[in-house]
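Per-entry structural report
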Amino acid sequence: EKFVKDEKWYIFLDDDNLLLTDDIFYEISIYDKLGYVAANPILTPRLGLSKITYIMDWVRYFDDILVFRAFTGLLAKPLMGMHGEMFTVKGSILKEIRFEHKTLTEDFRFAIDLVKLRYKTWQSMSKVSILSPNSINDLYKQRGRWFKGLVNDIKNANLIMKIVVSIRLVSWIIGIFGSWAFAILWPIFTPFWYSIIGAIIYWYIYAYGIKRLGMYEYIILIPIFGILESFSWIKGIRIKEYLVINKALKIRE
């Protein structure tokens with residue numbers, strides 16, 4: 001309200017974010033002339049105090065290069081929402097939409113207004129390193145807040161965004177059946193083709209994370225990772241206030 005200038009651009013970084021490439025600083029002048037008003041980067045996890053959450057956090061990287069690239073990038077419409085990490089926005093738009101809503105997911109709420117107002121976004125080639133949660137419990141708090149925030153704010157979205165996000169939420173809830181641990185139940189609870197595709201994608205993602213970690217013994221836990229990820233929405237049901245997980249790299253007492 002006091003410092004933002006209409007013609008300038010602003011980048012929001014979480015305290016654990018490390019900017020790995022500087023593409024965004026070259027892109028802004030180009031996309032500004034083309035009428036784009038906001039951007040997001042590609043997120044890549046880095047190891048914290050938990051090897052398991054590091055492996056699971058590679059879902060965010062593949063989300064970016066597949067799902068978010070399709071909406072935020074290709075369609076120039078953030079129908080799935082936007083990240084708070086390195087959220088980049090033009091000053092005039094920041095002053096117009098602002099962060100005035102009481103919400104658990106302020107980045108998603110901002111994206112709702114961007115879509116409603118038909119503003120264009122892009123996915124930057126910049127990569128940002130994010131520190132993975134330090135424990136499974138912290139991962140549940142983080143993912144749970146996201147789920148509860150989407151559920152709370154989806155009512156404010158336009159129809160097409162409601163449809164896209166609703167599909168995401170339903171897939172999140174029934175995603176547990178995509179785990180290979182429940183392969184015998186696939187024909188009963190979900191369309192077989194859906195289960196197979198989902199299971200293969202997540203198997204590949206977790207295997208990729210294990211390869212990056214360099215500890216291949218974690219391969220045997222892949223069926224469990226899908227269950228852990230899916231159960232996080234249950235934590236979200238009980239969340240009533242904004243939670244910020246502790247990502248400090250120190251030994252916990």
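A brief look at the structure comes next.

A few words on the overall build of the protein. Summing up its helical and strand segments, the protein has 10 helices and five strands in all. Among the 253 residues that make up the protein, the fraction classed as buried is 48%. Taking the intrachain contacts of the protein between residues at least 6 apart in sequence as the baseline, contacts between residues at least 24 apart amount to 77%. Surface accessibility of the protein: about 13,400 Å² in total, with carbon and sulfur atoms responsible for 63%.

This brings us to the sheet that holds strand β3 (residues 36-46). Judged by pairing direction, the sheet is mixed, and its five strands sit side by side in the order β1-β4-β3-β5-β2 without closing on themselves. Of all the strands in the sheet, the pair left with one neighbour each is β1 (9-12) and β2 (18-19). Judged from the two bridges that link them, β2 and strand β5 (residues 120-131) form a sheet pairing that is antiparallel. Along β5, the bridge assignment pairs L18 with S129.

A cluster of nonpolar side chains, contributed by I11, L13, L19, F25 and Y26, occupies part of the molecular surface with about 510 Å² of accessible area. Mapped onto the elements, I11 comes out in strand β1.

We now examine the pattern of salt bridges. Per the stated rule, a full pass over the model turns up eight salt bridges. Across the salt bridge formed by R143 and E229, the nearest N and O atoms sit 2.9 Å from each other. Note that R143 is positioned in helix α6 (residues 136-153) and E229 in helix α10 (residues 222-237), a separation of 86 residues in sequence. Look at R143 and you get buried, because its relative accessible area is 2%. Overlapping salt bridges bring together D57, R143 and E229 as one network.

By the definition in use, this model includes 21 aromatic pairs. When the centroid spacing of 5.7 Å and the interplanar angle of 45° are considered together, the rings of F147 and W233 count as tilted. One end of the pair, F147, is in helix α6; the other, W233, is in helix α10, with 86 residues separating them in the sequence. Judged by relative accessible area, which is 6%, F147 ranks as buried. Members of the aromatic cluster, each reached through a chain of ring pairs, are Y54, W58, Y61, F62, Y204 and Y208.

With that settled, consider the environment of D15. In this fold, D15 is placed in the loop between β1 and β2. On a C-alpha basis, the gap between D15 and I130 in space is 9.4 Å, while along the polypeptide they are 115 residues apart.

So, on to the pairing of β3. Summarising burial for β3: 10 of the 11 residues are buried, a large majority. Bridge count between β3 and β5: nine bridges; the pairing is parallel. Across the sheet, the residue bridging to R46 is L131, located in β5. Bridge count between β3 and strand β4 (residues 87-90): two bridges; the pairing is antiparallel. Note on β4: the bridge partner recorded for A38 is V89.

In this model, helix α7 (residues 159-174) (16 residues) spans 23 Å end to end at C-alpha, consistent with the 22 Å of a helix rising 1.5 Å per residue. For α7, the full list of buried residues reads M161, V164, V165, L169 and W172. Burial along α7 is one-sided: seen end-on, the buried residues are contained in an arc of 135°. Of the exposed residues in α7, the ones pointing more than 90 degrees away from its buried face are L159 and I167. In this structure, the buried residues of α7 make contact with α3 (58-74), α5 (106-116), α6 and α10.

When you line up the elements, T44 lands in strand β3. Owing to a relative accessible area of 10%, T44 belongs among the buried residues under this scheme. Leave out the neighbours within four places in its chain, and T44 touches L20, Y61, K127, V128, S129 and I130.

The rules we used
Residues numbered from 1 in each chain as written. Predicted model: local features only at pLDDT ≥ 70, side-chain atom pairs only at ≥ 80, totals over all residues. Heavy atoms only, no water. Helix = DSSP H or I, 4+ residues; strand = E, 2+ residues; numbered from the N terminus. Buried < 20%, exposed > 50% of the residue type's maximum accessible area, 1.4 Å probe, protein only. Contact = heavy atoms within 4.5 Å. Areas by Shrake-Rupley, 256 points an atom, 1.4 Å probe, with all protein chains shown as cover. Pairing = 2+ DSSP bridges. Patch = residues over 30% accessible without salt bridge, like charges linked within 9 Å, V, L, I, M, F, W, Y side chains within 5 Å. Salt bridge = Lys/Arg side-chain N within 4 Å of Asp/Glu carboxyl O. Phe/Tyr/Trp six-rings, centres within 6.5 Å; stacked < 30°, edge-to-face > 60°. Expected span 1.5 Å × (residues − 1). Arc of directions from axis to C-beta.

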